[in-house]
Amino acid sequence: MSDLPPSGSAEPVPPATSGAPTDPTRSTPSAAGPVPGQSGSTGSPAPAADPWARPVVPEQPGPDASQPTAPATPTTPAPGWPAPSGATPAPGWPAPGGATPPPGWPVPHGNTPPPGWSPSAGDPSTGWGWPAGGPAYPGHPMPGAPYPAQPAPAGHYGWYPAVDPDDPLVTPPHAGVAGWFARCTGAVRRGWRQLLPIVLLTQCVPAAIISVLSLYLVPTDEPVTGPDGAPVLPDGYLEHVFAFYGVVMLAALLFGPVQAAGWGAGTWVVARQAAGEPAGLGAALRYGLRRALGLWGWTIVASLLITVGACLCLLPGVYVGFAVALFGPVYLFERQEPIGRAWRMFHQRFGMVLGRVALVMCALLAATVLDLVVSTVSGVVFGADPTSAPGTTVGAVALAVVGAALAAPAYLAQLVGLVVAYAEQRAQEGPVNAARLAAELG
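Residue numbers restart at each chain and count upward from 1, following the sequence in its written direction. For a predicted model such as this one, the threshold for reporting local features is a pLDDT of at least 70, and the threshold for listing and counting side-chain atom pairs is 80 or more; totals across whole chains, interfaces and linings nevertheless cover every residue. Hydrogens and water molecules were not included; the side-chain quantities draw on all heavy atoms of the structure.

The protein chain goes by Membrane domain of glycerophosphoryl diester phosphodiesterase in an unreviewed UniProt entry, where it is assigned to Micromonospora maritima.

As structure tokens, this is what we get:
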């Protein structure tokens, strides 16, 4: 016999059992509502049995046998059972073990699940793929996709995670000249009380002494015209010229360690203050003295390279000066191969380093122009030989000291600008911050 109900009946018929036969004369009460998945029309042919419905248990003998049977309710189907046409699975129902959802499950927004993926537990209405709110692990890629770079907080995509965009010394990538300039001015505001005495003591005092020596040693004799109209040098003119330049170069060599100590002390103050560490004047000078001889030796090497380039032609000398401009910070922070390292930094990021060093050179050029103006004023006021009289000597010496002191802002700009430019190049190579740079100074 068929288990399907007769035509025109919408009531499910219990399956036959091996027990006592059911009385065919007894009427079965109507269900409380329509069974899900049926059309509800009693005149149409009966559809197939609902595979999602719980099978109706036949009545058992007992005191409750006269009670009507409860309507069938949907439960979790067996794996692989299809949903009826137009039906929506209840929340929490998993997809079958296959690669695609069973027939009848809607896929919202036209999404297609990847092979082997199942919908998010408890929320099949969100569709296949990530649940609302993004992946469970931020930055976790889709299967087979490359791991994305993590941007720094408030930074550009692709920054190193350890680069702080608000670091007071290290200019992060993509910050540009404005970021470099802001860190230079910040370093001057933080440390001018220590940096200005360092610059005056180690840079301006040697410059003033050399200027005063020049007043006494500069040749005052001028070429004269001979009987044939050709210029004739005065007696002893060449000796005076060589003596002048020899004394100036010797003084520069002697004061070289003092100036190198000043560069080391100023770099130490800039880095330590940016890292939030104490940076006293005495401690800075002691650090500068420890690094003075090494930095002075590399300064001589760099000066010789620039001089050779200038002798070949002026432009190669200028080029070499730009290319090795960062040798001082490289030596102080890394203490190895300062000339070669500075050369590579310059050529790896040519435009960036060239722009920063050019701004520093503009400050030095302004100081040079100011020194020429002071020298011109001194020559006009006190004559070509200012040491010929005591009064003119005092005036010329005072003016030379004032001119050397006026160059202090240019020295300060050179010191801070090169240190911040070096820190920016380090940030281009990898994660670095002010604390790490301060620790590298030792």
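The discussion continues.
Caption draft 1: Just the overall build of the protein chain, in detail. Counting secondary structure elements, the protein chain contains 10 helices and two strands. Helix and strand definitions here come from DSSP, where helices need a minimum of 4 consecutive H or I residues and strands a minimum of 2 consecutive E residues; each element is numbered from the N-terminal end. Reading the protein chain from its N terminus to its C terminus gives the helix and strand order α-β-β-α-α-α-α-α-α-α-α-α. What makes two residues a contact is simply this: any of their non-hydrogen atoms within 4.5 Å. Contacts in the protein chain between residues at least 24 apart in sequence constitute 60% of all its contacts with a sequence separation of at least 6. Throughout, the Shrake-Rupley method with a 1.4 Å probe supplies accessible areas, and for residues the shown protein chains are the sole cover considered. In the form shown here, the protein chain has an accessible surface area of approximately 25,200 Å², with 67% of it arising from carbon and sulfur atoms.

Caption draft 2: Spotlight on the packing of aromatic side chains. In this analysis, rings of Phe, Tyr and Trp, with Trp reduced to its six-membered ring, are considered paired at centre separations within 6.5 Å, and the interplanar angle assigns stacked below 30 degrees, edge-to-face beyond 60, and tilted for intermediate values. Applying the stated rule across the entire model yields six aromatic pairs. On the basis of an interplanar angle of 80 degrees and a centroid distance of 5.9 Å, the ring pair of Y319 and F346 is categorised as edge-to-face. Here Y319, found in helix α4 (residues 314-323), pairs with F346, found in helix α6 (residues 338-348); they are 27 residues apart in sequence, far enough to count as distant. Taken together through their ring pairs, the aromatic side chains of Y319, W343, F346 and F350 make up a single cluster.

Caption draft 3: Structural context of the packing of helix α2 (residues 237-274) against helix α9 (residues 408-429). Axis definition: a line fitted to C-alpha atoms, over the contacting stretch in the case of helices. Angles run 0 to 180 degrees between N-to-C directions. Their axes nearest at 10 Å, the elements α2 and α9 cross at an angle of 55 degrees. As summarised for this structure, α2 and α9 are arranged oblique, according to the angle between their axes. Regarding α2 and α9, the two cross each other, and that crossing is right-handed. Residue-level inspection shows W263, G266, T267 and V270 of α2 in contact with α9, the latter providing Y411, Q414, L415, V416 and V419. Each angle gets one of four labels, with under 35 degrees taken as roughly parallel, over 145 as roughly antiparallel, 65 to 115 as roughly perpendicular, and the rest as oblique. Note: crossing handedness is left-handed where the near helix turns anticlockwise from the far helix by less than a right angle, and right-handed where it turns clockwise.

Caption draft 4: How the structure looks around the UniProt feature "transmembrane region" (unreviewed entry) in the protein chain. Under the UniProt annotation, "transmembrane region" (unreviewed entry) lies at residues 195-218, 242-271, 292-310, 316-333, 353-374 and 394-423. Structurally, residues 316-333 comprises 83% helix and 0% strand, and the distance from its first C-alpha atom to its last is 28 Å. UniProt positions are given in the numbering used here, feature names are shortened, and annotations may be inferred rather than shown by experiment.

Caption draft 5: Just helix α7 (residues 350-382), in detail. The first and last C-alpha atoms of α7 sit 46 Å apart over 33 residues, in line with the 48 Å expected at 1.5 Å per residue. Exposure classes here rest on a 1.4 Å probe applied to the protein chains alone. A residue is buried below 20% of its type maximum, exposed above 50%, and partly exposed in between. Those residues of α7 not exposed but buried are V353, R356, V357, V360, L364, A367, V374 and S378. Those residues of α7 that are buried lie in contact with α1 (176-217), α4, α6, α8 (390-406) and α9. The positive-phi residue at the C-terminal boundary of α7 is G383, with phi of around 85 degrees. Expected helix span is computed as 1.5 Å times (number of residues minus one).

Caption draft 6: A nonpolar patch on the surface, seen in detail. On the surface, L365, V369, V373, V377, V380 and V381 cluster together into a nonpolar patch covering about 540 Å² of accessible area. With respect to the helices, strands and loops of the structure, L365 is situated in helix α7. On the basis of relative accessibility, which here comes to 54%, the residue L365 falls in the exposed class. Each patch is assembled from residues with relative accessible area greater than 30% and no salt bridge, linking like charges that lie within 9 Å and nonpolar side chains (Val, Leu, Ile, Met, Phe, Trp, Tyr) that lie within 5 Å. Salt bridges are defined by distance alone: a side-chain nitrogen of Lys or Arg within 4 Å of a carboxyl oxygen of Asp or Glu.

Caption draft 7: Spatial organisation of the pattern of salt bridges. Counted according to the given criterion, the structure contains nine salt bridges. E277 serves as the salt-bridge partner of R272, at 2.7 Å between the closest nitrogen and oxygen. Among the ionic pairs, E337 bridges to R344, the shortest N-O distance being 3.0 Å. Take R344: its relative accessible area is 35%, and that puts it in the partly exposed class. The structure contains a network of salt bridges with shared partners spanning E334, R341, R349, R426, E429, R436 and E440.

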